[in-house]
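One-letter residues, chain by chain:
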Amino acid sequence: MGSLSSEDGHYADEGPVRYVRIGYTFEVGRHEVTRREFGRFVAATGYRTEAERDVGAQGCRTWSGSKWEYTAGRYWRSPGFEQGEDHPVVCVSWNDAQAYLKWMNERVSGRGYRLLSEAEWEYVARAGRGSTRYPWGNDEGSEEQCAWANGVDAAARERIEGLGAWKVANCSDGHAYTAPVGSFPANTFGLHDLQGNVREWVQDVWHDNYAGAPSDGSAWMTGGDQSPRVLRGGSWAHAPRNLRSANRNGNTPDSRSNFTGFRIARTLDVHEGKRSQADRDQVTAQPEGQALLKGATSGAQALLEVPALTARVIDQTATLDAAQRKRSPVGVLP
Ligand SMILES: [Ca+2]
Ligand SMILES: [Ca+2]
């Protein structure tokens, strides 16, 4: 986990590189949480996001054409660009994500929905491509990137004003802002859009580097800076460098922007690869039509319409070897 200082685009907070062993099975949302899913939560609870309540700042952080700034009236239903119901929800804070998870856990007791830990996030984002900068390899800003992920690209430069000095991929991924979830290929774990589309909240508090970080996959909740939470994966608004699997950021739990969303997860079973009988019973007992499982690869299902889950036996050591490859000249604008 992390990246070596020799990796192109490396930031100091991505080191030191370390081994993480995740000795339990967990599920992770196949997609980022969508507007449809979040809307169901809001309809059921009347929840008002922090953007709507102007917590700490007015509205949601958006691009004005010259800078990022909090903009009154912007929130998840009105983020400053068009979104369909199958787009990822944005303008949600870490606290809003926790409210969503709390509601899910009240609806379906005992399931323990939560955010991913930072280590889990990087594990599933790398998806077996441990040593490359991206799951598609090392080249950035290339056609390959645009086939894989929604980052800031030629489509964005065409449609978004004032990009000026933004580093933009030299290809078009077809989406200036968010894309419907699952528009890009699944990784080898069956998961979509870890890199790009929206940046995703994870559970951990912020640390400036990985010195002393847990090695068992759990969220790092002690020490460091206790206020900011970690964000991973880059988004439609991020340069290729920030779509790298190792890239990380932190922001306060009430912060929100129109490139930030989240993804859900839960621990399945400490017995590797085996689902508990109670869990199987729950799945069997679910009311017809309530499961929303689109082509999941194994028996994991949600009891209410939540992001489709995919079950994976995560009992491997997430490794980063020292293999560093010279990448080709990149097609990135200055
Ligand atoms: Ca894009
Ligand atoms: Ca993402």
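All values reported here derive from a predicted model rather than from experimental measurement. (Residues numbered from 1 in each chain as written. Chains lettered and ligands numbered in written order. Predicted model: local features only at pLDDT ≥ 70, side-chain atom pairs only at ≥ 80, totals over all residues.)

1. Some details on the overall build of the protein
To be explicit about the condition: Helix and strand assignments follow DSSP, with helices taken as H or I runs no shorter than four residues and strands as E runs no shorter than two, numbered in order from the N terminus. For every residue, the other C-beta atoms within 10 Å of its own C-beta are counted; 20 or more classify it as buried, 12 or fewer as exposed, and values in between as partly exposed. C-beta atoms are placed from the backbone. Throughout, a pair of residues is in contact if the C-beta atoms placed from their backbones lie within 7 Å.
Of the regular secondary structure elements, the protein holds six helices and twelve strands. Within the span of the protein, comprising 334 residues, buried residues form 48% of the whole. Within the protein, residue pairs in contact and separated by at least 24 positions form 70% of the contacts whose partners lie at least 6 positions apart.

2. Considering helix α3 (residues 118-126)
In terms of burial, α3 is largely enclosed, as nine of its nine residues are buried. Among the residues of α3, those classed as buried are E118, A119, E120, W121, E122, Y123, V124, A125 and R126. One or two residues past the end of α3 sits A127, with phi positive at roughly 50 degrees.

3. Comments concerning helix α2 (residues 94-107)
Short version of the rule: By this rule the span expected of a helix is its residue count minus one, scaled by 1.5 Å. In this description, one arc is meant: the one made by directions from the helix axis to the C-beta atoms.
Relative to the 20 Å expected for 14 residues at 1.5 Å per residue, α2 spans 20 Å between its end C-alpha atoms, a close match to the ideal helical length. Taken as a whole, α2 has its buried residues at W94, D96, A97, Y100, L101 and M104. Looking straight down α2, one finds that the buried residues subtend no more than 160 degrees of arc, so they occupy a single side.

4. Considering the sheet that holds strand β9 (residues 260-262)
Worth spelling out the cut-off: Paired strands, in this sense, are two strands between which DSSP finds at least two bridges. Lines fitted to the C-alpha atoms define the axes, with helices restricted to the stretch that makes contact. Angles between their N-to-C directions range from 0 to 180 degrees.
A sheet is described by the order of its strands in space; here four strands give the open sequence β8-β7-β6-β9, paired in mixed fashion. Because the sheet does not close on itself, it has two edges, and the strands there are β8 (248-251) and β9. When the angles between neighbouring strand axes are averaged without regard to direction, this sheet yields 50 degrees. Across four bridges, the pairing between strand β6 (residues 199-206) and strand β7 (residues 225-232) is antiparallel. Residue pairing in the sheet places V205 in a bridge with R229 of β7. Sitting on the sheet, α3 is in contact with β6 and β7, with an inclination near 140 degrees to β6.

5. What about the nonpolar core?
How we decide: Structurally, a nonpolar core is described as a collection of buried Ala, Val, Leu, Ile, Met, Phe, Trp, Tyr and Cys residues joined by way of C-beta atoms within 7 Å.
Within the largest apolar cluster, 56 residues are counted, with the highest numbers of intra-cluster contacts made by W76, A97 and V124. When neighbours within four sequence positions are excluded, W76 is seen to be in contact with R35, F38, T49, A51, V89, V90, C91 and V92. Counting residues in each nonpolar core, the second largest holds six residues, with Y134, A149, F184 and L243 among its members.

6. Observations regarding unusual backbone geometry
Note the cis peptide between G15 and P16, where omega equals -5 degrees. With respect to the element layout, P16 can be found in the segment before β1 (20-21). Of note, the phi angle at C91 is positive, near 60 degrees, even though the residue is not glycine. Along the polypeptide, C91 turns up in the loop between β4 (68-71) and α2. A positive phi is found at N197, a non-glycine position, where the angle reads about 70 degrees. Of the residues examined, N197 has 32 C-beta atoms within 10 Å and is grouped as buried.

7. Remarks on the environment of T188
Take T188: it is sitting in the loop between α5 (154-159) and β6. By the C-beta count within 10 Å, which is 12 here, T188 ends up exposed. Residues T188 and R126 lie 62 residues apart in sequence; the distance between their C-alpha atoms is 9.1 Å. For T188, the contacting residues outside a window of four places in its chain are A127 and G128.

8. Considerations on the confidence of the model for the protein
To keep things clear, this is the line we draw: Every residue carries a pLDDT, the predictor's confidence in it, which falls somewhere between 0 and 100.
Across the protein, pLDDT averages 82, with 80% of residues at or above 70. Every residue in residues 310-334 scores below 50 in pLDDT, and together they form 70 contacts with partners more than four places removed in sequence or on other chains.

9. What about the pairing of strand β3 (residues 60-63)?
Side-chain alternation along β3 places C60 and T62 on one buried face and R61 and W63 on a second face that is also buried. Bridge analysis of β3 against β4 gives four bridges, and the strand direction is antiparallel. Following the sheet pairing, W63 is matched in β4 by W68. Counting the residues in the hairpin turn of β3 and β4 gives four residues, including G65, whose phi is positive at 110 degrees.

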